[in-house]
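Structural overview for review
Residues per chain are reported as follows:
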Amino acid sequence: MVESLKQDIANFFYFSLLNEGVAVEAASKVFIEINKNLDPDENNFLTIEKSKVVNECQDVFKKFFKKARFGSSVLLEAGWQINPQVDQGLWRHFVRDADEDEYIAVIWSAILKYDDADIAKGLGVTVGTVRHRTGRGLRKLGAMWGGH
Amino acid sequence: MMSENESNSNLFSKKRRLSRFLAQEMLYDYVAGSLDEDREKAVKEFLEQDEELKREEQALRQAIKYCNQLSETQISEPLAKQIGTQFNLLPYIVDKLGWSNWPDLAKWAIQALGLSLAVAVGAMFLPWDRLGFESRPGETEIVVVEKDADNPVATVATPVPDSQNIEESEIQVAVNTKNLEVKQKIAEKIQEANSDAENEVVKSESEIQADEKTRIEAGKRLEAAKKQKEVKEPTGNPFVYRGNIRASKLDEATQDLVNTIKQLGGRKGGKVEIGWRKPNASYFHFIVNEEHLGQIRKAFGKYGEFELTKTPHRRMMPAGEIRFIIEVKDASVGQ
């Protein structure tokens, strides 16, 4: 569970910040913040609400966004293992062109497969808003995929 | 009142078709399979008639497929261990300070300050002694280097601790007079200091006597050096008395004045004798004691109107002596 949680957090920052070094830093910060409010017992991670993870990641994302975009990117050796068939350039293009709300919703919903209710609670919006943002984001991504 | 199902049934009946906007909005739910049966059927029928929306649906499915591929992304084991197990203080502080939002000038200033501090701290803690820069902290050293004319090899005396408080004037005298006495005086002071600092060292009787003897000799030489310094100090007056007079009988007057000056103990002040004759004048350049000024004035004054002027001169006269340059011209010439 802990490893799964770490992976979700790390992937969220990897896809949203587009900066591996800052993504690790941000993921560590979120994990520490979550862990701070829990007992050392690993089982407690089973009970953690995913909306809290979303909420914590959103707060840290806002803090690290500028640093990730305009700071230097530190590349880690084999930090993330991605399917070599996947075109990462498309995703980078999408994140740069789409609205922040859209790609955040796409990451949580379409990539990390979080429930819309958890995403909505974590972001402080309605479920309809999350679905709307996800749909709009995917349509943009699809349009880019078609023209890529 | 119509039930909800009846209302939906009417909304999606064949009579009331979906608008394009609604169909587009429900497209993601349609692809995700989260629409109810009626709505799904309605959207499907709309897509059959709208090619553009149909292409949008296909793009949407591709995007979801692409996202599914991205969701297979795994993090490596080292990265998983790294996350949460480390907390770097520096990035945390930088983040708290909002470093990335600072203007470039402020960043450069802080970086320059940090660099300066690092250099200063490094310089403070560097083992200079081991690097060949010998120095004892908190103690200034004065080193006297003397070169003998006969022996061109320079000899370096033992460092003199600052605490001895050697007066600068004494050092100046030592340099100027370049005599051995002063040199030994400094050496003596050094020895005194060294002997004070090494009180705990046990000395033999002969060594103590030798030290005492050296100390006494050095004291004498120090006194001699002071006296020499006093003698060499510039004293006296930097003046000369000048005057002109006309005498009717130049030869007689010259001889009379020479006799008077010699009687007063006067001596020649330059290369020529007192009363040196020129074609139409006599030249009196002489030195007498200061007390005879009035008599000299009187001796020359009896031959005519005589006025002495005291003017500054670079030649320094010893204390108590005064110098005269007086010209006695023949009164019968050039009237």
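As shown above, the structure is provided for reference.
Description of the structure in this document. (Residues numbered from 1 in each chain as written. Chains lettered and ligands numbered in written order. Predicted model: local features only at pLDDT ≥ 70, side-chain atom pairs only at ≥ 80, totals over all residues. Heavy atoms only, no water.)

A few points about the packing of aromatic side chains
- In this structure the tally under the stated criterion is 15 aromatic pairs over all chains.
- Both rings, one in Phe 286 of chain B and one in Phe 324 of chain B, keep their centres 4.9 Å apart while their planes meet at 15°; by these two values the pair is stacked. Note that Phe 286 of chain B is positioned in strand β9 (residues 281–289) and Phe 324 of chain B in strand β11 (residues 321–330), a separation of 38 residues in sequence. Here Phe 286 of chain B and Phe 324 of chain B have matching classes, each one buried.
- Taking NZ or CZ as reference, Lys 6 of chain A lies 5.0 Å from the ring centre of Phe 31 of chain A, over its face.
- Over the ring of Phe 239 of chain B we find Lys 310 of chain B; its NZ or CZ atom is 4.6 Å from the centre of that ring. (Phe/Tyr/Trp six-rings, centres within 6.5 Å; stacked < 30°, edge-to-face > 60°. Helix = DSSP H or I, 4+ residues; strand = E, 2+ residues; numbered from the N terminus. Buried < 20%, exposed > 50% of the residue type's maximum accessible area, 1.4 Å probe, protein only. Lys NZ or Arg CZ within 6 Å of the ring centre and 35° of its normal.)

Describing the nonpolar core
- The biggest cluster of nonpolar side chains holds 71 residues, and the ones touching the most others in it are Ile 9, Phe 13, Trp 91 and Trp 108 of chain A.
- Counting residues per element, this core draws most heavily on helix α1 (residues 2–17) of chain A, at nine residues.
- Of all hydrophobic cores here, the second largest spans 23 residues; its members include Leu 257, Ile 261, Leu 264 and Phe 284 of chain B. (Core = buried A, V, L, I, M, F, W, Y, C linked by side-chain atoms within 4.5 Å.)

Some details on the pattern of salt bridges
- Scanning the entire structure with this criterion turns up 22 salt bridges over all chains.
- With a shortest N-O distance of 2.4 Å, Arg 131 of chain A and Asp 116 of chain A are connected by a salt bridge. With Arg 131 of chain A in helix α7 (residues 127–147) and Asp 116 of chain A in helix α6 (residues 116–123), the pair connects residues that are 15 residues apart, well separated along the chain.
- You can call Asp 116 of chain A buried: its relative accessible area is 13%.
- The partner of Arg 277 of chain B in a salt bridge is Asp 251 of chain B, with the nearest N and O atoms 2.0 Å apart. Within this pair, whereas Arg 277 of chain B is found in strand β8 (residues 276–278), its partner Asp 251 of chain B is found in helix α12 (residues 250–263), the two being separated by 26 residues in sequence.
- Judged by relative accessible area, Arg 277 of chain B falls into the partly exposed class, the value being 36%.
- Connected through salt bridges with shared partners, the residues Glu 102, Arg 136 and Lys 140 of chain A form a single ionic network. (Salt bridge = Lys/Arg side-chain N within 4 Å of Asp/Glu carboxyl O.)

Side note on helix α13 (residues 293–301) of chain B
Residues and elements named next belong to chain B.
- Buried residues of α13: Leu 293, Ile 296, Ala 299 and Phe 300, and no others. All buried residues of α13 project into a common sector of 125° when viewed along the axis, lining one side.
- Among the structural elements, β6 (237–247), α12, β9, β10 (307–317) and β11 are those in contact with the buried residues of α13. (Arc of directions from axis to C-beta. Contact = heavy atoms within 4.5 Å.)

Focus: the interface of chain B and chain A
- Contacts between the two partners involve 35 residues from chain B and, on the opposite side, 42 residues from chain A.
- For the pair chain B and chain A, the two sides together bury roughly 3,500 Å², of which 60% comes from carbon and sulfur.
- Contact with chain A buries area across many residues of chain B, yet Tyr 28, Tyr 66 and Ile 83 of chain B alone supply 19% of it, more than any other trio.
- In this assembly, chain B and chain A are joined by two salt bridges.
- Arg 139 of chain A is the salt-bridge partner of Glu 56 of chain B, the closest N and O atoms lying 3.1 Å from each other.
- At the junction of chain B with chain A, the criterion picks out 14 residue pairs in polar contact (both at pLDDT 80 or more).
- Sorting the residues of the side of chain B that touches chain A by element identifies α2 (20–25), α3 (27–32), α5 (51–70), β1 (74–75), α6 (77–82) and α7 (89–97) of chain B as the ones contributing at least two each.
- A total of 11 residues in the side of chain B that touches chain A trace back to one element, the largest contributor, which is α5 of chain B.
- Classifying every residue of the side of chain B that touches chain A by side-chain character gives 16 nonpolar, 13 polar and six charged. (Buried area = accessible area lost by both parts, 1.4 Å probe. Polar contact = N/O pair within 3.5 Å; in protein donor to acceptor, adjacent residues only side chain to side chain. Nonpolar A, V, L, I, M, F, W, Y, C, P; charged D, E, K, R; others polar.)

Focus: the packing of helix α5 (residues 100–111) of chain A against α5 of chain B
- Direction vectors running N to C along α5 of chain A and α5 of chain B enclose 75°, while the axes themselves pass 9 Å from each other. When the axes of α5 of chain A and α5 of chain B are compared, the pair comes out roughly perpendicular. Across from Val 106, Ala 110 and Ile 111 of chain A in α5 of chain A, the residues of α5 of chain B making contact are Cys 67, Asn 68 and Leu 70 of chain B.
- Taken together, the residues of the contact of α5 of chain A with α5 of chain B break down into five nonpolar, one polar and no charged. (Axes fitted to C-alpha atoms, helices over the stretch in contact; angles between N-to-C directions. Parallel < 35°, antiparallel > 145°, perpendicular 65-115°, else oblique.)

Side note on helix α2 (residues 20–36) of chain A
All names here are of chain A.
- An ideal rise of 1.5 Å per residue puts 24 Å on 17 residues; α2 measures up with 24 Å between its terminal C-alpha atoms.
- With 13 of 17 residues buried, α2 is to be regarded as a mostly interior element.
- Where α2 begins, the capping side chain belongs to Asn 19, and its oxygen is found 3.3 Å from the backbone nitrogen of Gly 21. (Expected span 1.5 Å × (residues − 1).)

Things to note about the pairing of β9 of chain B
All names here are of chain B.
- When you tally the buried positions in β9, you get seven out of nine residues, the bulk of the element.
- Where strand β7 (residues 267–268) and β9 come together, two bridges link them in antiparallel fashion. Across the sheet, Lys 268 pairs through a bridge with Phe 286, a residue of β9.
- Across three bridges, β8 lies against β9 in antiparallel orientation. Of the residues in β9, the one forming a bridge with Trp 276 is Tyr 283.
- Between β8 and β9, which follow one another and run antiparallel, lie two residues.
- Of the strand pairs in this sheet, β9 and β11 are connected by nine bridges, and their pairing is antiparallel. Residue Phe 284 lies in a different strand from β11, and its bridge partner there is Ile 326. (Pairing = 2+ DSSP bridges.)

Some points on the environment of Ser 28 of chain A
- Along the chain, Ser 28 of chain A turns up in helix α2.
- A relative accessible area of 5% means that Ser 28 of chain A is categorised as buried.

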